[in-house]
Structures are given as structure tokens and as C-alpha cells.
Amino acid sequence: MISVAARGAAAGLVLSTAALAGPALAAEAAAGAGNPKHEPTFTLTSVLVKSTRIERSADQGIGSQILTTANLTSDRDAVTGQEATMCVQMTGPAPFAGGELCNGTWRLSDGEISWQHYEPPHAAPPTGFDIAITGGTGAYSTAAGYAHIIRTSLDGPGEYQVFLKKR
């Protein structure tokens, strides 16, 4: 995946968080996605800086990687940061036609948040999906939860809602 911010810019904006950091979080995430009563901890906007595709297999694209970097802004205190994402093509020809296993990190002024997800095959940059938050550093050292990816884009900003739960 190209990063949640860059996903739309190549083969997948990073931030498809469908898996959760634990069974208890799975139920909470399912209830929270699209639920107006479940408020996000904060929202991030991602703007692609660079996306690079590394072909590993000429025939099906399996094993090919998409590396993406993006700049982030946040609704809380106008915090800025960076996003780095790496997606690996798991099945089928690329881009988008095969599933991708993605992981990434959002580096913010008060720490980092790491995430991962599996993006099933799709016809265009994905929107409206969840990604699992797998850990963090600094202010996010006990982070768990998920992020709902509202929008990914090939030529514009991406938008993510982050739902954190302390472990």
C-alpha cells in the first residue's frame, strides 16, 4: 500500500485498518466505524510527498513493494508529522488488482503510531476502510485501537479518523 496518504497515489494509501489489536478491540472497532456516537481521538490529513514502486516479479507483481511518504496535519493543535508506508503485493497483478499487506507509521510531534492491514483486491484507490493500530512510542506508548480511512487519493489529500484506546 502506498501509505494511507499515498495509497491513492500508486497502489494503496496506507491506512486500511481492518484488523484490530485484540478481540476486545474488534467489537469496539466494528461498533465505532461509521457510528456517529463514537468520536475519534483525532483526525489526520495526509498529503503525498513521494511514492515508489519496486517490482519483484514481472508476471504477476507478487512481492512487489510500494513505498510511500506523506506529510500529516492533525485537527488537534495543528500538529504536523510524517507518514511512512510499505505495502507488499500478495496476489495478482498490480496495482490494485491483487491484495496488499501494508504497514506504516505516523510520526507526530509527541510520538509515533504504528499500524497495519491487509487490503483485498480492488479496482481503484480504496476508501472507507479500517486499519489496526499495533503500537506506538512517546505519548502513544500504550496505543491500541484502529483508524478509519475516510479517503485516499491519487492526486489530493487523504483523511483518517484515529480511534485510540489505551492498553
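No experiment lies behind these values; they were computed from the predicted model shown. Each chain carries its own residue numbering, running from 1 in the direction its sequence is written. The predicted origin of the model limits local features to residues at a pLDDT of at least 70 and limits the giving and counting of side-chain atom pairs to 80 or more, whereas totals for whole chains, interfaces and linings rest on all residues. Water and hydrogen atoms play no part in the side-chain values, which are based on all heavy atoms of the structure.

Within the protein, the secondary structure is distributed over one helix and eight strands. Helix numbering and strand numbering both begin at the N terminus, where a helix is a DSSP run of H or I of at least 4 residues and a strand a DSSP run of E of at least 2. Listed by position from the N terminus, the elements making up the protein come as α-β-β-β-β-β-β-β-β. Across the 167 residues in the protein, those meeting the buried criterion constitute 44%. Any pair of residues with heavy atoms lying within 4.5 Å of one another is described as a contacting pair. Nonlocal contacts in the protein, meaning residues at least 24 apart in sequence, comprise 56% of its contacts between residues at least 6 apart. A total accessible area of about 7400 Å² is found for the protein, and carbon and sulfur atoms account for 56% of it. Working definition: with a 1.4 Å probe on protein chains only, accessible area under 20% of the residue-type maximum means buried, over 50% means exposed, and in between means partly exposed. We get accessible surface area from the Shrake-Rupley algorithm with a probe of 1.4 Å; when it comes to residues, only the shown protein chains can shield them.

Put simply, two rings from Phe, Tyr or Trp (the six-membered ring, in Trp's case) pair if the centres are within 6.5 Å, and we call them stacked under 30 degrees between planes, edge-to-face over 60, tilted for the rest. Under the counting rule described, the total for this entry stands at four aromatic pairs. Between Phe42 and Tyr140 the ring centres are 6.3 Å apart and the planes differ by 55°, which places this aromatic pair in the tilted class. Of this pair, Phe42 sits in strand β1 (residues 42-54) while Tyr140 sits in the loop between β6 (129-136) and β7 (143-151), and the two are 98 residues apart along the sequence. The buried category is assigned to Phe42, whose relative accessible area is 2%. Assessed through its relative accessible area of 5%, Tyr140 is described here as buried. Consider the rings of Trp106 and Trp115, whose centres lie 6.1 Å apart with planes at 35°: the pair is tilted. The same class applies to Trp106 and to Trp115, which are both buried.

Another aspect to go through is the state of the cysteines. Note: disulfide means a covalent bond formed between the sulfur atoms of two cysteine side chains. Working definition: a disulfide is two cysteine sulfur atoms within 2.5 Å of each other. Summed over all chains, the structure comprises one disulfide. Between Cys87 and Cys102 runs a disulfide, and the two sulfur atoms are separated by 2.1 Å. One quick way to see it: the torsion about the S-S bond of Cys87 and Cys102 is about 115°, and its sign makes the bridge right-handed. Taken as a pair, Cys87 in strand β3 (residues 80-89) and Cys102 in strand β4 (residues 100-108) lie far apart in primary sequence, 15 residues in all. Classification of Cys87 as buried rests on a relative accessible area of 1%.

Buried residues dominate β7, accounting for seven of its nine residues. By definition, two strands form a pair when at least two bridges between them are found by DSSP. As paired elements, β6 and β7 share five bridges and run antiparallel to each other. Among the inter-strand pairings, Ile133 is bridged to a residue of β7, identified as Gly145. What sits between the antiparallel neighbours β6 and β7 is a turn of six residues, in which Gly138 has the positive phi angle 60°.

What follows is about the pairing of β4. Where a strand is regular, its side chains alternate between the two sheet faces. Every second residue of β4 is oriented toward a common face, the buried set being Glu100, Cys102, Gly104, Trp106 and Leu108 and the non-buried set Leu101, Asn103, Thr105 and Arg107. Where β3 and β4 come together, eight bridges link them in antiparallel fashion. When the bridges of β4 are listed, Thr85 appears paired with Gly104. Here nine bridges tie β4 to strand β5 (residues 111-119), and the two strands are oriented antiparallel to one another. Residue pairing for β5: Cys102 is matched across the bridge by His117.

As a further point, take the confidence of the model for the protein. The predictor reports its confidence for every residue as pLDDT, a score running from 0 up to 100. On average, residues of the protein score 73 in pLDDT, and 63% of them are at 70 or above. Between the elements of the protein, mean pLDDT differs from a low of 37, seen in helix α1 (residues 23-32), to a high of 94, seen in β6. Here residues 1-37 is modelled with pLDDT under 50, and outside its nearest four sequence neighbours on either side it reaches 166 contacts, counting other chains as well.

With that settled, consider the environment of Asp130. Among the residues examined, Asp130 registers a relative accessible area of 17% and is labelled buried. On a C-alpha basis, the gap between Asp130 and Ile149 in space is 5.9 Å, while along the polypeptide they are 19 residues apart. Of the polar contacts made by the side chain of Asp130, one reaches the side chain of His148; its length is 2.6 Å. Pairs of N or O atoms are called polar contacts if they sit within 3.5 Å, as long as, within protein, a hydrogen donor faces a hydrogen acceptor (for residues adjacent in sequence, only side-chain-to-side-chain pairs).

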